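Examination of the molecular architecture
The primary structure of each chain is shown beneath.
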Amino acid sequence: MRRLRQLAERTPAGRERYVDLLRAVAICMVVAGHWGVTVVGRDAAGRPTGHSALGDLPWAYPLTWVGQVLPVFFLVGGFANAASLTANRASGGDATGWLLGRSARLVPPTTVLLLVLAASAGGAYLWGAGEARIRTVVWFATIPLWFLVPYLAAVALTPPMHALHRRFGLAVPVALVGVVALGDLGRLAGPAPLAYGSYLAGWLAVHQAGFAWYDAHAAADGPRGGGAAGDTRHPLPTSRPAAVALLAGGLGALLLLTAVGPYPVAMLHVPGERLDNASPPSLALLALATAQLGLILLLRDPAERWLRRTGPWQAVIAVNSVVLTVFLWHLTAALLLVGALDALGRLPTPAAGTAAWLAWRVPWLLLLAVVLAGLVAVFGPVEARAGRRRRAGEGARRRPARAGLVVAGYATVIAGLLVNTVTPKAAPEPLGLPAPALVAYLAGAGLLRGLRSGWGSRG
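Here we summarise the structure given alongside this text. (Residues numbered from 1 in each chain as written. Predicted model: local features only at pLDDT ≥ 70, side-chain atom pairs only at ≥ 80, totals over all residues. Heavy atoms only, no water.)

This part is about helix H9 (residues 171-189). Compared with an ideal rise of 1.5 Å per residue, which puts 19 residues at 27 Å, H9 spans 27 Å between its outermost C-alpha atoms and is within 8% of the ideal. Here H9 has its buried residues at Val172, Pro173, Leu176, Val180, Gly183, Asp184 and Gly186. Taken around the axis of H9, the buried residues stretch over an arc of 155 degrees, which confines them to a single face. H9 presents Val174 and Ala189 as exposed residues on the side facing more than 90 degrees away from its buried surface. Against helix H8 (158-168), helix H10 (198-221) and helix H12 (283-307) lie the buried residues of H9. Just beyond H9, the residue with positive phi is Gly190, at close to 90 degrees. (Helix = DSSP H or I, 4+ residues; strand = E, 2+ residues; numbered from the N terminus. Expected span 1.5 Å × (residues − 1). Buried < 20%, exposed > 50% of the residue type's maximum accessible area, 1.4 Å probe, protein only. Arc of directions from axis to C-beta. Contact = heavy atoms within 4.5 Å.)

Here it is as structure tokens:
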């Protein structure tokens, strides 16, 4: 508590605390959503299995308009990345050092998760567990990692994309929406490969909107906004009429695309649907993101006033200090709880949507929160320490590093995560993770760590 109080007291006057609140709320909603829709059953051999309840609950599809909050995370990520990059440049830093600093917060907690899972899987394999079964368990535990693929790519592309933003402003996300529209055409009418670009373009469009939101904040905050001399700002309209227009326009477009158009109502993956709105992002998801942006702007002023209170702001700081750890480990917590209850012979397996299943949601969520709290207590300090090291080094003047090596580090980390994501969940993998994926990821993470160590020692 003392450290939280110190951090709260040292918060800069111009900080947009609302962004930190949105990040914490978005991740907590993702965690609660994944847990809440989980259905635990048994396979033919009597072993526990799990799947999403959405396929069994068509009435819940509209609820995904509230539960799909990944656009919010990319929006606040764009804001935070623009703020950090601008401040870094104002203090004499460059894009290469900024990328290394960003990797210090994102990569170490992910590395710990992968190493723990690989070591546990290897032990299970030596104990006699089947390779396909090991992969299935690890596949579930690493579902959150698919999100890091586009997010790490967005971080790596922030310097050039921010330069495009400073020159062309909101024309950039508009062009990216055009790429998504072309991809949707390919998915609906062919050829399907046209959609490949949407996997990145959709999330980048939302990330770019975060740049524009930061420009609006910086313009309103004056000299404290962190802008460097000569910066060209393209602020997002944030007035109340503009926010209402974004909310109404986004919801209107979403209703037309889903009720009249060919897009599914569900904004999360539902097996059997013709099109997945989230992977890759569709025009329907971007319409939802527009409505979410409007709502976020409408709620900003009361939220900022609330966050000026010590208690709420300390709570937001506490969650954000371990927010990635919470996200990375929340499905591992579910696996551990299922395994423990199954071993004790106390694992309920009610069918989705039944009264028993709905009643089980409350104790299920509470038990999962306890298990996750234990995991965060163990692994959270990795992220907290990484965050302090990154903040301590931001803005410092350093000798130039080889930008190509930093880009290579990001690329191999992303490639490793991507290979794991596309590898089938029943593939025979003794370590649970595909060997090429694990090697590529660890090589990239090791390269970035080495560059950060050398980068700091020459400052």
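So much for the structure itself; the text now carries on.
Here we come to the nonpolar core. In terms of nonpolar packing, the biggest core is built from 111 residues, with Trp213 and Leu417 touching the most fellow members. Judged by nonpolar contacts, the second largest core, of 10 residues, contains Val39, Tyr61, Ala266 and Ala352. (Core = buried A, V, L, I, M, F, W, Y, C linked by side-chain atoms within 4.5 Å.)

Let us now look at the pairing of strand E1 (residues 38-42). The element E1 is extensively covered by neighbouring structure, given that 4 of its 5 residues are classed as buried. With 5 bridges joining them, E1 and strand E2 (residues 48-52) adopt antiparallel strand pairing. Counterpart to Arg42 in the pairing with E2 is Pro48. Here E1 folds back onto E2, and the loop between the two strands holds 5 residues, one of which, Gly46, carries a positive phi near 85 degrees. (Pairing = 2+ DSSP bridges.)

With that out of the way, let us pick up the packing of helix H2 (residues 17-36) against H12. Interhelical geometry of H2 versus H12 gives an angle of 105 degrees and a closest axis separation of 9 Å. Taken together, the axis directions place H2 and H12 in an arrangement best described as roughly perpendicular. In this structure, H2 contributes Arg17, Tyr18, Leu21 and Leu22 to the contact, and H12 contributes Ile296, Leu299, Arg300, Ala303, Glu304, Trp306 and Leu307. Each residue belonging to the contact of H2 with H12 can be placed in one class, and the counts come to 8 nonpolar, no polar and 3 charged. (Axes fitted to C-alpha atoms, helices over the stretch in contact; angles between N-to-C directions. Parallel < 35°, antiparallel > 145°, perpendicular 65-115°, else oblique. Nonpolar A, V, L, I, M, F, W, Y, C, P; charged D, E, K, R; others polar.)

Here we take up the packing of aromatic side chains. Scanning all chains against the criterion turns up 13 aromatic pairs. Relative to Trp213, the ring of Tyr18 has its centre 6.3 Å away and its plane inclined at 80 degrees; by these criteria the two rings are edge-to-face. With Tyr18 in helix H2 and Trp213 in helix H10, this pair connects stretches of sequence that are 195 residues apart. According to the relative accessible area criterion, Tyr18 is buried, its value standing at 3%. When the ring of Phe73 is compared with that of Tyr151, the centres are 5.4 Å apart and the planes differ by 65 degrees; the resulting orientation is edge-to-face. Of the two residues, Phe73 sits in helix H4 (residues 70-90) while Tyr151 sits in helix H7 (residues 145-156), which places them 78 residues apart along the sequence. Accessibility expressed as a relative area gives 11% for Phe73, which makes it buried. By relative accessible area, Tyr151 is classed as buried at 8%. One aromatic cluster is present, formed by Phe73, Phe74, Phe147, Tyr151, Trp203 and Phe327 through successive ring pairs. (Phe/Tyr/Trp six-rings, centres within 6.5 Å; stacked < 30°, edge-to-face > 60°.)

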